[in-house]
Amino acid sequence: MQRYRQLQIKLTPQRLAILSYLNGNKTHPSAEDIYKAVKKQFPTMSFATVYNTLEALKNRGGVMELKIDDKRKRYDPDSTKHHHFICTKCRSIVDIFKDYKLSLPDELKKGFDVTGNSIEFYGTCRKCKKGSEQ
Ligand SMILES: [Zn+2]
Ligand SMILES: [Zn+2]
């Protein structure tokens, strides 16, 4: 939680609830998921509060916005470099912390300043694979 205090966003009790839900969360929740979870604790919580908090966090590097799920934006509180696998059946997202050394495509070797990359893997997760084999 300490790192969120350094982001200099105004911490209301509602925002703190959002932050504590995100803290260490590995499920890559969507704004809707966060809203549903935090609303239990704060019945007056509005979706706009969740969304605005996520935007404020995103702009300060406190959360990453993932576009790997084509249905909805997902959020990742882990800002250390990693890649993702998404299950196309259950939409679960798994972190991959292996570092891949990519050779730069020829088109980017001249004149481009590449500062990073992320790899997205798609497929069927272990759980869904098991389910379909039964
Ligand atoms: Zn799955
Ligand atoms: Zn992640």
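Here the structure is a predicted model, which is why all the values come from computation and not from measurement. (Residues numbered from 1 in each chain as written. Chains lettered and ligands numbered in written order. Predicted model: local features only at pLDDT ≥ 70, side-chain atom pairs only at ≥ 80, totals over all residues.)

J.: Please clarify how the packing of helix α3 (residues 31-39) against helix α4 (residues 47-59) should be interpreted in this entry.
T.: Between two packed helices, the angle of one axis relative to the other and the distance separating the axes together describe the packing. Where α3 meets α4, the axes come as close as 9 Å, and the angle between the chain directions of the two elements is 125 degrees. For the element pair α3 / α4, the angle class is oblique. Helix-helix and strand crossings are classified by hand; for α3 and α4 the assignment is right-handed. Contact residues: A31, I34, Y35 and V38 in α3; F47, V50, Y51 and L54 in α4. Of the residues that constitute the contact of α3 with α4, the class distribution is 8 nonpolar, no polar and no charged. (Axes fitted to C-alpha atoms, helices over the stretch in contact; angles between N-to-C directions. Helix = DSSP H or I, 4+ residues; strand = E, 2+ residues; numbered from the N terminus. Parallel < 35°, antiparallel > 145°, perpendicular 65-115°, else oblique. Left-handed = near helix turned anticlockwise from the far one by under 90°. Contact = placed C-beta atoms within 7 Å. Nonpolar A, V, L, I, M, F, W, Y, C, P; charged D, E, K, R; others polar.)

J.: For this particular structure, what's the right way to read the environment of E65?
T.: Among the secondary structure elements, E65 is positioned in strand β1 (residues 64-66). Of the residues examined, E65 has 13 C-beta atoms within 10 Å and is grouped as partly exposed. For E65 and L54, which are 11 residues apart along the polypeptide, the C-alpha to C-alpha distance reads 8.8 Å. Not counting chain neighbours up to four residues away, the residues in contact with E65 comprise K58, K73 and Y75. (Buried ≥ 20, exposed ≤ 12 C-beta atoms within 10 Å, placed from the backbone.)

J.: I tried to follow the domain arrangement of the protein chain on my own but got confused; where do I start?
T.: Often, the extent of an interface is quoted as the loss of accessible area on bringing the components together. Partitioning the protein chain into domains gives domain 1 (2-76) and domain 2 (83-133). Taken together, the residues that form the side of domain 1 that touches domain 2 break down as 2 nonpolar, 1 polar and 4 charged. (Domains from an automatic or database assignment.)

J.: Please clarify how the environment of I34 should be interpreted in this entry.
T.: Here I34 is to be found in helix α3. Distance from I34 to L19, taken between C-alpha atoms, is 9.7 Å for residues 15 residues apart in sequence. Dropping the residues within four chain positions of it, I34 is found in contact with I18, Y21, P29 and V50.

J.: It is not clear to me how the packing of helix α2 (residues 13-22) against α3 should be interpreted in this structure. Could you clarify?
T.: Two elements in contact, α2 and α3, have axes whose closest approach is 10 Å; the angle formed by their N-to-C orientations is 115 degrees. The orientation of α2 relative to α3 falls into the category roughly perpendicular. Between α2 and α3 lies a crossing of right-handed hand. Residues A17, I18 and Y21 of α2 lie in contact with α3, whose contacting residues are I34, A37 and V38. Considering only residue class, the contact of α2 with α3 consists of 6 nonpolar, no polar and no charged.

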